[in-house]
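Okay, here's what each chain looks like letter by letter:
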Amino acid sequence: MRTCPECGKELKADQLLCQCGTAVGVLETDLGDLGPISIDLPNLDFQRPRIPAIDLSLSGTMSVPLPSFDIPTPAFKVDLRAQRSIRGHAFTVVIAIGGSEDAPIKLNLPMAVAYLPDRDFLVLDLGNANGSFRIQQFHVEGGLCKLVHRPDDPSPAEMAKIPVSLTVDGRGHLFVSDMDTGSIKEYDSGGARLASYGHEGMGAGEMSSPRGIAADASGSVFVADSGNNRIVRWSQELQFVVAGINRLDEAQGWLQAGDGPGEFDEPQGLALGPNKNIFVADTNNHRIQILDPSGQFLSAFGSEGEEAAHFSYPSHVRIGPNAVIYVADLGGRRLQTFNPKGEYSYEIILPSDFGPLADFAVDVDGRILLALRSRHAVIGIEVQ
């Protein structure tokens, strides 16, 4: 049995920090091909506004899960000084929100994140007592700025029962996609509800399990209408089909899926590039498709596989600085990056104890924000 040398409290086998704040020495373990590693943690002062870096020095050629630990502070830095591995770049954690019962800011099942132009960011989680969602704004370094939206007595029209995506347009309006009701909810910058677009179905003005959304400067909202195997655009409460077969499969009773250019099979992720091109994570076809602003097919890249430059059910796509393309796949277990031509650059393997990735966002400096639903946490990382 391991005990804390400071207070004598019994410790779990993989616990690195005691609740009293004492680092519990050196953890030695065997992680497969890496062999034994040692991790030394200093004593930490939790009263300080920012904790110094904790250096975890790893060596080897594989990306591996890190032991779990929780630090009850909204901002800490973990410096991963791993050699560049075969399967991924190292990264540094620079922001951490939630993740433990002792955390000063608590999150409950964070579902979506989005950056604002000034690098502040929004987090949508299911943290409201009445079961609805809320949207909170955080400063660039992780401190809570304000509560943007929380319906205290939501009506059925207001409620988004399964909110899965969040985006902001050029006016500062917020849009949330709701898989349950087949609708998109619009709010002003202060969180007041403005409109609801669509409802469940496959006809005009209807959507089925809408997932990824993106908004342009004019307020048009593009939606991965996943259950209908198509991409649609909403503008001034009018719906336009942008791409997809959009034809009934009479044998199945739903709109047809396809694998040709401009055809989709349950697309989940969607993003707009700087030239207004539309990037679609064509999930069941294991590829990324690129469309022009009118929905005409331009190109595609990727094929099924778990190797680098291949995809296994890509779920999210984002466009970062210099038009770098970021794609999450493997059930949210890794991020891959590609240049604007769709040529592979590098990947980031996420530790297994992060749990599946619910959403991610990339800011103008390339910092990546990860929504870790099962860990009730949002973290920001910078790639080495």
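Residues numbered from 1 in each chain as written. Predicted model: local features only at pLDDT ≥ 70, side-chain atom pairs only at ≥ 80, totals over all residues. Heavy atoms only, no water.

**Things to note about the environment of Leu166**
- Note that Leu166 resides in strand 12 (residues 163-168).
- Counting along the chain gives 53 residues from Leu166 to Val113, while the straight-line C-alpha distance between them is 6.5 Å.
- Those residues within four positions of Leu166 in sequence are excluded, and the remaining contacts are Ala112, Val113, Ala114, Leu122, Leu124, Ile135, Leu174, Phe175, Val176 and Ile213. (Helix = DSSP H or I, 4+ residues; strand = E, 2+ residues; numbered from the N terminus. Contact = heavy atoms within 4.5 Å.)

**Section: the sheet that holds strand 14 (residues 183-187)**
- Taken together, 4 strands build an open sheet; the order of strands is 12-13-14-15 and the sheet is antiparallel. Two strands in the sheet have a free side with no partner beyond their single neighbour: strand 12 and strand 15 (193-197). Neighbour-to-neighbour, the strand axes of the sheet open up by a mean angle of 20 degrees, direction not taken into account.
- Direction of pairing for strand 12 relative to strand 13 (residues 174-178): antiparallel, over a ladder of 5 bridges. The residue of strand 13 that forms the bridge with Pro163 is Asp178. (Pairing = 2+ DSSP bridges. Axes fitted to C-alpha atoms, helices over the stretch in contact; angles between N-to-C directions.)

**A short note on the confidence of the model for the protein chain**
- In this model, the protein chain carries a mean pLDDT of 83, and residues with pLDDT of at least 70 account for 76%.
- When the criterion is pLDDT under 50, residues 25-42 qualifies, and its contacts beyond four places in sequence or with other chains add up to 39 contacts.
- Considering only residues more than four positions removed or in separate chains, one finds that residues 44-86, a stretch of pLDDT under 50, has 106 contacts. (pLDDT = per-residue confidence, 0-100.)

**Some remarks on the nonpolar core**
- Counting residues in each nonpolar core, the largest one holds 18 residues, and the members touching the most others are Leu335, Leu357, Phe360, Ile368, Leu370 and Ile379.
- Of all the secondary structure elements, the ones that give two or more residues to this core are strand 7 (91-98), strand 29 (325-329), strand 31 (344-349), strand 32 (357-362), strand 33 (368-372) and strand 34 (377-383).
- Look past the residues within four positions of Ile379 in its chain and what remains in contact with it is Val93, Ile95, Ala96, Phe354, Ile368, Leu369, Leu370 and Leu372.
- One finds Ile135, Ala160, Leu166 and Val168 within the second-largest nonpolar core, a separate group that totals 16 residues. (Core = buried A, V, L, I, M, F, W, Y, C linked by side-chain atoms within 4.5 Å. Buried < 20%, exposed > 50% of the residue type's maximum accessible area, 1.4 Å probe, protein only.)

**Description of the pattern of salt bridges**
- On inspection of all chains with the given rule, the structure shows 12 salt bridges.
- A salt bridge links Asp365 to Arg119; the shortest N-O distance between them is 3.2 Å. Residue Asp365 is located in the loop between strand 32 and strand 33, and its partner Arg119 is located in the loop between strand 8 (110-115) and strand 9 (121-125); the two are separated by 246 residues in the primary sequence.
- Between Arg171 and Glu186 there is a salt bridge; the shortest N-O distance is 3.4 Å. With Arg171 in the loop between strand 12 and strand 13 and Glu186 in strand 14, this pair connects stretches of sequence that are 15 residues apart. (Salt bridge = Lys/Arg side-chain N within 4 Å of Asp/Glu carboxyl O.)

**Considerations on the packing of aromatic side chains**
- Applying the stated criterion across every chain yields a total of 9 aromatic pairs.
- A ring pair is formed by Phe91 and Phe354, whose centres lie 6.3 Å apart and whose planes are at 55 degrees; its orientation type is tilted. Taken as a pair, Phe91 in strand 7 and Phe354 in the loop between strand 31 and strand 32 lie far apart in primary sequence, 263 residues in all. The pair Phe91 / Phe354 is uniform in exposure class, with both members buried.
- Centroid distance Phe338 to Tyr344: 5.9 Å. Interplanar angle 75 degrees. Geometry classified as edge-to-face.
- The class of Phe338 is buried, set by a relative accessible area of 1%.
- Each residue in the set Phe301, Phe311, Phe338 and Tyr344 is aromatic and connected to the rest through ring pairs, giving one cluster.
- One cation-aromatic arrangement involves Arg318 over Phe360; the distance from NZ or CZ to the ring centre is 5.5 Å. (Phe/Tyr/Trp six-rings, centres within 6.5 Å; stacked < 30°, edge-to-face > 60°. Lys NZ or Arg CZ within 6 Å of the ring centre and 35° of its normal.)

**Remarks on the environment of Ser220**
- Checked against the element boundaries, Ser220 lands in the loop between strand 18 (210-215) and strand 19 (221-225).
- Classification of Ser220 by relative accessible area gives buried; the value is 5%.
- Excluding anything up to four places from it in sequence, Ser220 contacts Ala214, Ala215, Arg233, Trp234 and Ser235.

**Regarding the side chain of Arg334**
- As for its position among the elements, Arg334 is in strand 30 (residues 334-338).
- At 2.9 Å, the side chain of Arg334 forms a polar contact with the backbone oxygen of His310. (Polar contact = N/O pair within 3.5 Å; in protein donor to acceptor, adjacent residues only side chain to side chain.)

**So, unusual backbone geometry**
- The phi angle at Glu237 is positive, at roughly 70 degrees, despite the residue not being glycine.
- For Asn322, which is not a glycine, the phi torsion comes out positive at approximately 60 degrees.
- Look at Asn322 and you get exposed, because its relative accessible area is 72%.

**Considerations on the pairing of strand 25 (residues 278-282)**
- Burial analysis of strand 25 places 5 of its 5 residues in the buried class, which makes it a mostly covered element.
- On strand 25, burial covers both faces: Ile278, Val280 and Asp282 on one face and Phe279 and Ala281 on the other are all buried.
- In this structure, strand 25 lies alongside strand 26 (residues 287-291), joined through 5 bridges in antiparallel fashion. Across the sheet, residue Ile278 finds its bridge partner in strand 26, namely Leu291.
- Remark: 4 residues form the turn of the hairpin made by strand 25 and strand 26, two consecutive strands paired antiparallel; His286 in that turn has positive phi of roughly 55 degrees.

**Some details on the sheet that holds strand 10 (residues 134-138)**
- Ordered by their spatial adjacency, 4 strands build an open sheet running 8-9-10-11, and the pairing between neighbours is antiparallel. Edge positions in the open sheet fall to strand 8 and strand 11 (144-149), since each of these has one partner strand only. Sheet twist, expressed as the average angle between the axes of neighbouring strands with direction ignored, equals 25 degrees.
- Sheet analysis places strand 10 next to strand 11, joined by 4 bridges and oriented antiparallel. Note that in strand 11 the partner of Gln136 across the bridge is Leu147.

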